[in-house]
Amino acid sequence: MNRHVLFDRLSKIIQRSALGALSAITSGACLNAAAEGFPAPTGIGLTAASGDQTTLYGVSTYWDSVCVCAQLARYDLGVRIYGQIAYWRGTERPSDHESLWEGSVTPTLVWMGPSIGAATLFTELGVGISGLTKTRLNTERQFATAFQFNEHYGVGLAFGEKRKYEVAAYIRHVSNGSIKQQNDGDTFYGGVFRVKID
């Protein structure tokens, strides 16, 4: 077997294993919380992002502290769950596939870092699932399946009384994980503004 092909397969196996472990940790925490009764949402958010000839606009809700896990708390980590509805608008014209909608649920590990004055730095990493209303966008982008995976990495600041507000920049990738080809996926670079509901 060609070394390049072997290395490529090995790197994909390592990446999928790491994502699987992260997903198992956060999903297990979420299942534990669901068994105890799911709490009301912690807050809401608005997001905008740009992908490959695609613009995304979304509204989300989130739940903090769905579980208190001693193993995670030791490292200042918490579990947050995002639920989001997003509108994807393709920017390529002309096209018969100008837009689609996405619904997603993303369990996320959140690390609240050091305070900077009245603000607190945080970072988050999540792996979730998405559903698309269409499997094509623009003239050539194909997703093959309505079921998709999403991976999310963000860095931001929480500020205000009791860290009521958050602003963050993020990278988000959506694809079907090569379940079926043609799997073009899309990667978004965006920003989000969140507010806790009191």
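Located above this text is the structure these notes cover.
What counts as what
Residues numbered from 1 in each chain as written. Predicted model: local features only at pLDDT ≥ 70, side-chain atom pairs only at ≥ 80, totals over all residues. Heavy atoms only, no water. Helix = DSSP H or I, 4+ residues; strand = E, 2+ residues; numbered from the N terminus. Contact = heavy atoms within 4.5 Å. Areas by Shrake-Rupley, 256 points an atom, 1.4 Å probe, with all protein chains shown as cover. Core = buried A, V, L, I, M, F, W, Y, C linked by side-chain atoms within 4.5 Å. Buried < 20%, exposed > 50% of the residue type's maximum accessible area, 1.4 Å probe, protein only. Salt bridge = Lys/Arg side-chain N within 4 Å of Asp/Glu carboxyl O. Pairing = 2+ DSSP bridges.

## Concerning the overall build of the chain
No. 1: Within the chain one finds 2 helices and 10 strands.
No. 2: Long-range contacts, defined as pairs at least 24 residues apart, comprise 61% of the intrachain contacts of the chain with a sequence gap of at least 6.
No. 3: Carbon and sulfur atoms make up 61% of the accessible area of the chain, which amounts to about 10,900 Å² in all.

## Quick notes on the nonpolar core
No. 1: Counting residues in hydrophobic clusters, the biggest one holds 15 residues, and the most contacted among them are L56, W88, L100 and F143.
No. 2: Here the element with the most residues in this core is strand β9 (residues 165-175); it accounts for 3 residues.
No. 3: Residue contacts for F143: discarding those within four places in its chain leaves W88, L100, L132, T135, R136, L137, Q148, N176, Q182, G185 and D186.

## Remarks on the pattern of salt bridges
Between side chains of opposite charge, a pair can form when the charged atoms approach closely.
No. 1: Counted by the stated rule, this structure contains 7 salt bridges.
No. 2: With a closest N to O distance of 2.8 Å, E102 and R172 form a salt bridge. You can see E102 sitting in strand β4 (residues 99-116) and its partner R172 sitting in strand β9, a full 70 residues away along the chain.
No. 3: Residues joined by salt bridges that share partners form a network here, namely D64, R80, E124, E166 and R194.

## Things to note about the pairing of strand β2 (residues 54-64)
No. 1: For β2, a buried count of 8 out of 11 residues is recorded, marking the element as mostly surrounded by other parts of the structure.
No. 2: Where strand β1 (residues 43-51) lies against β2, 9 bridges are found, and the strand directions are antiparallel. Counterpart to A49 in the pairing with β2 is L56.
No. 3: In this structure, the hairpin formed by β1 and β2 is closed by a connection of 2 residues, where Q53 is found at a positive phi of approximately 55°.

## What to know about the pairing of strand β5 (residues 119-132)
No. 1: By the bridge criterion, 11 bridges tie β4 to β5 in an arrangement that is antiparallel. Across the sheet, the residue bridging to M112 is F122, located in β5.
No. 2: The turn linking β4 back onto β5 is made up of 2 residues, and G117 within it adopts a positive phi angle of 65°.
No. 3: Pairing analysis gives 12 bridges linking β5 to strand β8 (residues 147-159), with the strands arranged antiparallel. Paired with I129 across the two strands is F149, which belongs to β8.

## Brief notes about the environment of F122
No. 1: In this structure, F122 sits in strand β5.
No. 2: Given the relative accessible area of 1%, F122 is considered buried.
No. 3: A C-alpha to C-alpha distance of 7.2 Å links F122 and A158, two positions 36 residues apart in sequence.
No. 4: Beyond its immediate chain neighbours, meaning those up to four positions away, F122 contacts W111, M112, G113, G154, V155, G156, L157, A158, E166, V167, A168 and R194.

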